[in-house]
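This is what each chain is made of:
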Amino acid sequence: MRSDQKPKGCFITFEGIEGVGKSTQAGLLAEALKQGGVPVCVTREPGGTPAGEAIREILLHRNATPIDDNTELLLIFSARAQNLTQVVRPALAEGRVVVCDRFTDATYAYQAGGRGIPRERIAQLELWVQEGLRPDLTLLLDAPVTISRERAQGRGNAADRFEREHIDFFERVRGEYLRLANQEPARIELVDASADMATIHKLIYARVRRAMQR
């Protein structure tokens, strides 16, 4: 690499249904990378920017009136467009590692798998908003729905719009996640979320370090 060239950034995303520990593991990874001297940018979806966080509140608000499925999808991609423009692309251009809690795989899982929106509709929005940008590595934390729901309910927080869905909704979401992992094994790393936290973190950290060396 020439001295005037900036290092290439690395885009890491975390996926999984509620209760699998993805937000915890994203935080542990970011902290470990920072301690190792790696420049890191942490964000989440929906959210990551003031506009995105406002949209997140609309989408997750536990007392909100019903939202049409297509409205939900468009709001998610609106927040994503802002996050990409304001946070993700600039950080990657600076050579930073971007750690994002959920990204477009979640849209396929929740809106296609869970809601039944055609995948082709999501793919069109993905092409428009992302313009070819995709994660370098996706960590999909997976556990049976019964286990993940017990963990989510054990957190003691009031359930949001998505957490109030029935178990069959989350079975469809998990099924779509697993379909995506089977479709793209080179990008999506399936992680057993039933293992202990330290073991999961060690596996994820090693996998991310390999991805950064590509």
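Conventions used here
- Residues numbered from 1 in each chain as written.
- Predicted model: local features only at pLDDT ≥ 70, side-chain atom pairs only at ≥ 80, totals over all residues.
- Heavy atoms only, no water.
- Axes fitted to C-alpha atoms, helices over the stretch in contact; angles between N-to-C directions.
- Helix = DSSP H or I, 4+ residues; strand = E, 2+ residues; numbered from the N terminus.
- Parallel < 35°, antiparallel > 145°, perpendicular 65-115°, else oblique.
- Left-handed = near helix turned anticlockwise from the far one by under 90°.
- Contact = heavy atoms within 4.5 Å.
- Nonpolar A, V, L, I, M, F, W, Y, C, P; charged D, E, K, R; others polar.
- Buried < 20%, exposed > 50% of the residue type's maximum accessible area, 1.4 Å probe, protein only.
- Pairing = 2+ DSSP bridges.
- Core = buried A, V, L, I, M, F, W, Y, C linked by side-chain atoms within 4.5 Å.
- pLDDT = per-residue confidence, 0-100.
- Phe/Tyr/Trp six-rings, centres within 6.5 Å; stacked < 30°, edge-to-face > 60°.
- Lys NZ or Arg CZ within 6 Å of the ring centre and 35° of its normal.

## Here's the deal with the packing of helix α3 (residues 69–93) against helix α5 (residues 119–130)
So, point 1. Interaxial distance between α3 and α5 falls to 10 Å at its minimum, and their mutual angle equals 25°. Here α3 is positioned roughly parallel relative to α5, judged by the angle of their axes. Here the hand of the crossing between α3 and α5 comes out right-handed. Where α3 abuts α5, its residues Asn70, Leu73, Leu74, Phe77, Arg80, Ala81, Leu84 and Arg89 lie against Arg121, Ile122, Leu125, Glu126, Val129 and Gln130.
So, point 2. When the residues that make up the contact of α3 with α5 are grouped by side-chain class, the tally is eight nonpolar, two polar and four charged.

## So, the pairing of strand β3 (residues 97–101)
So, point 1. Counting buried positions along β3 yields five of five residues, so the element is predominantly enclosed.
So, point 2. Relative to β3, strand β1 (residues 10–15) is paired through five bridges, and the arrangement is parallel. Bridged to Phe11 within β3 is Val98.
So, point 3. Strand direction decides the pairing type here: strand β2 (residues 40–44) and β3, joined by five bridges, are parallel. Among the inter-strand pairings, Thr43 is bridged to a residue of β3, identified as Cys100.

## With respect to the packing of helix α4 (residues 104–114) against helix α7 (residues 167–183)
For any two helices packed against each other, one specifies the crossing angle of their axes together with the interaxial distance.
So, point 1. Between α4 and α7, the least distance of the axes is 8 Å, while the angle of their chain directions is 135°. Taken as axis vectors, α4 and α7 run oblique relative to one another. The element α4 and its partner α7 pack so that their crossing is right-handed. Listed contacts from α7 to Asp105, Ala106, Tyr108, Ala109, Tyr110, Gly113 and Gly114 of α4 are Phe169, Phe170, Arg172, Val173, Glu176, Tyr177 and Leu180.
So, point 2. Along the lines of polarity and charge, the residues of the contact of α4 with α7 split into nine nonpolar, two polar and three charged.

## As for the nonpolar core
So, point 1. Ile12, Phe14, Tyr110, Leu139 and Ile204 are the most contacted members of the largest nonpolar core, which totals 56 residues.
So, point 2. The dominant element in this core, judged by the number of residues it contributes, is α3, at seven residues.
So, point 3. Setting aside anything within four residues of it in sequence, one finds Tyr110 in contact with Gly16, Ile17, Glu18, Arg102, Arg115, Phe162, Phe169, Phe170, Val173 and Tyr177.
So, point 4. Core analysis: the next-biggest nonpolar cluster, separate from the first, contains five residues, Ile55, Leu59, Leu75 and Ala79 among them.

## Topic: the confidence of the model for the protein
So, point 1. Taken residue by residue, the protein gives an average pLDDT of 91. The fraction at 70 or more is 92%.
So, point 2. A low-confidence stretch, residues 1–5 stays under pLDDT 50, and its non-local contacts, those more than four residues away or across chains, total two contacts.

## Quick word on the packing of aromatic side chains
So, point 1. Scanning the entire structure with this criterion turns up five aromatic pairs.
So, point 2. Judged by centre distance (6.1 Å) and plane angle (55°), the rings of Tyr110 and Phe169 are tilted. You can see Tyr110 sitting in helix α4 and its partner Phe169 sitting in helix α7, a full 59 residues away along the chain. Like Tyr110, the residue Phe169 is buried in the burial classification.
So, point 3. Taken together, Tyr110, Phe162, Phe169, Phe170 and Tyr177 form an aromatic cluster joined through their ring pairs.
So, point 4. The residue whose ring lies beneath Arg80 is Phe77, and the NZ or CZ to ring-centre distance is 4.8 Å.

## Some thoughts on the sheet that holds strand β5 (residues 188–192)
So, point 1. Spatially, five strands are ordered β2-β3-β1-β4-β5 in an open sheet, and the strand pairing comes out parallel. Edge positions in the sheet fall to β2 and β5, since each of these pairs with one other strand and no more. The average angle at which neighbouring strand axes cross in this sheet is 20°, direction not considered.
So, point 2. Packed onto the sheet, α3 meets β1, β2 and β3 and runs at close to 155° relative to β2.

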